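For reference, the chains in residue letters:
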Amino acid sequence: MATPFLAGLAVATAALAGRYGIQAWQAFKARPPRPRMRKFYEGGFQPTMTKREAALILDIRETATPDKVKEAHRRVMVANHPDAGGSHYLASKINEAKDMMLGKGKSGGSAF
């Protein structure tokens, strides 16, 4: 007597769980897409370098200490040095970013 009741209860539970699963899946598919985090900054260089752009190039905060700026410059420059196959243009932008972050002369831009 209890067996048919338990079987019916199991079928009803499975049906409710399936219904809930379908509703959850539809809600998941209907949600707006979240923008993915991008590892790299998309966009070119500004005509005149800003402190924000310099911080993005060196991968540091705009309020970084001079020691952090020098350390970041060294790290980025090792990866992009022209003698190691890097670009002269990027090396000049990296140096310009270091100068901007350290507050040294505001040049009109890179040599390129």
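This structure is a prediction, so every number in the text was calculated from the model and none was measured.

So, about the overall build of the protein chain. When helices and strands are counted, the protein chain shows four helices and zero strands. Taken across its 112 residues, the protein chain has 19% of its residues classed as buried. Long-range contacts, defined as pairs at least 24 residues apart, comprise 45% of the intrachain contacts of the protein chain with a sequence gap of at least 6.

A few words now on the pattern of salt bridges. Counting across every chain of the model gives one salt bridge. Between E96 and K93 there is a salt bridge, and its shortest N-O distance comes to 3.6 Å. You can see E96 and its partner K93 sitting in helix α4 (residues 88-102), three residues apart, about one turn around the helix.

Looking now at α4. In an α-helix, one turn spans 3.6 residues; hence positions three or four apart end up facing the same way. The first and last C-alpha atoms of α4 sit 21 Å apart over 15 residues, in line with the 21 Å expected at 1.5 Å per residue. Taken residue by residue, α4 has A91, S92, K93, I94, E96, A97, K98, M100 and M101 as its buried positions.

Let's shift gears to the nonpolar core. Ranked by internal contacts, the top residues of the largest apolar core, which has 15 residues, are M49, A54, L58, I60, I94, A97 and M101. Among all residues touching M101, those that are not within four sequence positions of it are K51, A54, A55, L58, I60, R61, E62 and V69.

Let us look at the packing of helix α2 (residues 51-58) against α4. Any two packed helices are characterised by the angle at which their axes cross and by the distance between the axes. The contact between α2 and α4 brings their axes to 9 Å, and the two run at 125°. Classified by the interaxial angle, the pair formed by α2 and α4 is oblique. Remark: the crossing between α2 and α4 carries left-handed chirality. Across the interface between the two elements, K51, A54, A55, I57 and L58 from α2 touch K93, I94, A97, K98, M100 and M101 from α4. Tallied by class, residues from the contact of α2 with α4 come to eight nonpolar, no polar and three charged.

A cluster of nonpolar side chains, F5, L6 and L9, forms an exposed patch at the surface whose accessible area comes to about 330 Å². Relative to the helices and strands, F5 is located in helix α1 (residues 2-30). Classification of F5 by relative accessible area gives exposed; the value is 58%.

The next subject is the side chain of H73. Following the sequence through the fold, H73 ends up in helix α3 (residues 66-80). Residue H73 is classed as buried on the basis of its relative accessible area, which comes to 12%.

With 87% of its residues at a pLDDT of at least 70, the protein chain reaches an overall mean of 86. Within the protein chain, α3 carries the highest mean pLDDT (93), whereas α2 carries the lowest (90).

A word on the environment of V78. Summarising the element assignment, V78 is placed in helix α3. According to the relative accessible area criterion, V78 is exposed, its value standing at 62%. For V78 and A91, which are 13 residues apart along the polypeptide, the C-alpha to C-alpha distance reads 9.7 Å.

Parameters at a glance
- Residues numbered from 1 in each chain as written.
- Predicted model: local features only at pLDDT ≥ 70, side-chain atom pairs only at ≥ 80, totals over all residues.
- Heavy atoms only, no water.
- Helix = DSSP H or I, 4+ residues; strand = E, 2+ residues; numbered from the N terminus.
- Buried < 20%, exposed > 50% of the residue type's maximum accessible area, 1.4 Å probe, protein only.
- Contact = heavy atoms within 4.5 Å.
- Salt bridge = Lys/Arg side-chain N within 4 Å of Asp/Glu carboxyl O.
- Expected span 1.5 Å × (residues − 1).
- Core = buried A, V, L, I, M, F, W, Y, C linked by side-chain atoms within 4.5 Å.
- Axes fitted to C-alpha atoms, helices over the stretch in contact; angles between N-to-C directions.
- Parallel < 35°, antiparallel > 145°, perpendicular 65-115°, else oblique.
- Left-handed = near helix turned anticlockwise from the far one by under 90°.
- Nonpolar A, V, L, I, M, F, W, Y, C, P; charged D, E, K, R; others polar.
- Patch = residues over 30% accessible without salt bridge, like charges linked within 9 Å, V, L, I, M, F, W, Y side chains within 5 Å.
- Areas by Shrake-Rupley, 256 points an atom, 1.4 Å probe, with all protein chains shown as cover.
- pLDDT = per-residue confidence, 0-100.

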